[in-house]
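Analysis of the macromolecular model
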Amino acid sequence: MAASPDIRAIPSSWTASESGAAKEALDALETYKKKDPSKVVVRFRAIGNAPIMRQNFYKITASNRFQAVIQFLRKELGWKTGDPLYTYINMAFSPAPDDTVSNLFKSFSTDGHLIVNYSTTAAWG
Amino acid sequence: MSTYGARHAPSAFSTPASIALFRRLTWEGTVPLEIRVDAKELPANSNRGLECYFIQAPRVSYLPLVVPEVRAFLMDVVFDENGGRVVKEEEWWFERDDGGLVKWHWPIGLIYDTYTTSLSPSAATSSSGPTPLKLVLHLASPPTDKLLLAPSAEACKQAFMGQLKEADFIRWGNTKRMTGLRKQEQDGIWEGIREHDFDTYWRIASKITPTPSPNAQGGRSPSPAPVPPSSASMVHTRPPSAEPGASTDANRDAATAVRSVPARIYLPDGPVLQDLVPPALADGAPHTLGRFLHTHLPLLFPIANPRHSSDPDLAYALIQGVPCPLDAEMAWLGACMAGADGWVSVCVGIGRPGA
């Protein structure tokens, strides 16, 4: 199969005979790597003595990691990095900080929003 | 209530012995790591040239659990007395040889498989067996904002328990099975990981992992599979405190009764996808890996159930390091080939898998 000029991006170690399928696969991968610009609704709910915010519903970019949500919450509460802040989904578990908002929303949303509980002490381990 | 109609092929669950086998194989799987200290960071008077440590690490273990062994080696062989005093384990972090940051909370098997899928096809092919994953160990200045987790075994344990709970919630819509475990039992699961002991882990994990027996098999508890005594812990026992009023019907915990299988798709050096994965499709057919990948990555898996050699062969899926057939059932994968944290990690690679 003759190599066409627009397959420069394919690693040179890939054989020429694979280049057709390889390009299609690489293009597909590029599509899937694009960040999802859409936003999803996150609802913050205080637990225990944690202060309730005036505004509890926020639109958060879906591709953000959960770590970014924690930092956003800290900023909204006006808390410093060292202040204890525990976050949970649906009062059940703490997600890994690199779980994305998009993935958490798809798996755990209720009534069109993702519930994030927050407290000053560990609640559900 | 039968999940599978007569027109579908026999379920993968129909051979109990293979379930025990795959759980054991998953547990015993190991990958080769080559850990080399960044030469620029070696303390003065170190034994240069020896700062490389090889280990065949369990897939289900974690790097923070490997660190003590690496430290012992470096103290014994590489660092001199002063060097040994100066190094601070809490500043250590790992990077892949090709520059990718390595996360503390990812199971070692996942770190290895995502490395495999990031290689170009012919680089992944190796006639001499799996290539060691080369890791660079840095001794200082960890990029904490990207690592997201302290390097301690305790932080790793918390992350692990969090993943178990998230998986529990995915399956049942609540974490009652996890919270129903006594503290001693919760600690016991992590002990099983730390000691890499199959029985210690499964003695408790069997209470929270879906049973392999499907509803289709007459709705009764399965008789224990004819396997060695160490696997007897697979027969499910529900902790008495979990649901006081519940019946003892083992089918409530059947792998096919979950509302969703905990599964994630890892694209090469790319995003991680997670979504609900019902064990069966609307028509009652088992939800297969092929269908799952076709639904989420149709450009890479254009046909849900490829059957012909002429079908496009754009990508493949590694589960526990094995190129997985696309007709594998998601519910079966969830019960038999999930990681110790409860999750089925599907690592997608471009082209065809290496030898």
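Residues numbered from 1 in each chain as written. Chains lettered and ligands numbered in written order. Predicted model: local features only at pLDDT ≥ 70, side-chain atom pairs only at ≥ 80, totals over all residues. Heavy atoms only, no water.

**Quick look at the confidence of the model for chain B**
All names here are of chain B.
- For chain B, mean pLDDT is 83; residues scoring 70 or higher make up 80% of the total.
- Averaged over each element, pLDDT in chain B is lowest for helix H5 (residues 121–124) (57) and highest for strand E5 (residues 263–266) (97).
- In the model, residues 1–7 has pLDDT below 50 throughout and makes 14 contacts with residues more than four positions away in sequence or in other chains.
- For the stretch residues 214–249, pLDDT sits under 50, and the model shows 57 contacts to residues farther than four places along the chain or on other chains.
- Two numbers describe this predicted complex: its pTM, 0.85, and its ipTM, 0.84. (pLDDT = per-residue confidence, 0-100. Helix = DSSP H or I, 4+ residues; strand = E, 2+ residues; numbered from the N terminus. Contact = heavy atoms within 4.5 Å.)

**What to know about the packing of helix H9 (residues 183–194) of chain B against helix H10 (residues 198–205) of chain B**
Residues and elements named next belong to chain B.
- Their axes nearest at 7 Å, the elements H9 and H10 cross at an angle of 150 degrees. For the pair H9 and H10, the crossing hand works out as left-handed. Taking contact as the criterion, the partners of Glu185, Gly188, Ile189, Glu191, Gly192 and Ile193 in H9 are, on H10, Thr200, Tyr201, Ile204 and Ala205.
- In the contact of H9 with H10, the residues fall into five nonpolar, three polar and two charged. (Axes fitted to C-alpha atoms, helices over the stretch in contact; angles between N-to-C directions. Left-handed = near helix turned anticlockwise from the far one by under 90°. Nonpolar A, V, L, I, M, F, W, Y, C, P; charged D, E, K, R; others polar.)

**As for the sheet that holds strand E4 (residues 133–138) of chain B**
Residues and elements named next belong to chain B.
- Spatially, the four strands line up as an open sheet ordered E2-E1-E4-E3, and their pairing is mixed. Single-partner strands in this sheet number two, and they are strand E2 (52–58) and strand E3 (93–96). In this sheet, neighbouring strand axes are inclined to one another by 35 degrees on average, regardless of whether the strands run parallel or antiparallel.
- Taken together, the seven bridges between strand E1 (residues 30–37) and E2 define a ladder with antiparallel strand orientation. Of the residues in E2, the one forming a bridge with proline 32 is glutamine 56.
- Its contacts with the sheet put helix H2 (residues 63–78) on E1, E2, E3 and E4, and the angle it makes with E2 is roughly 150 degrees. (Pairing = 2+ DSSP bridges.)

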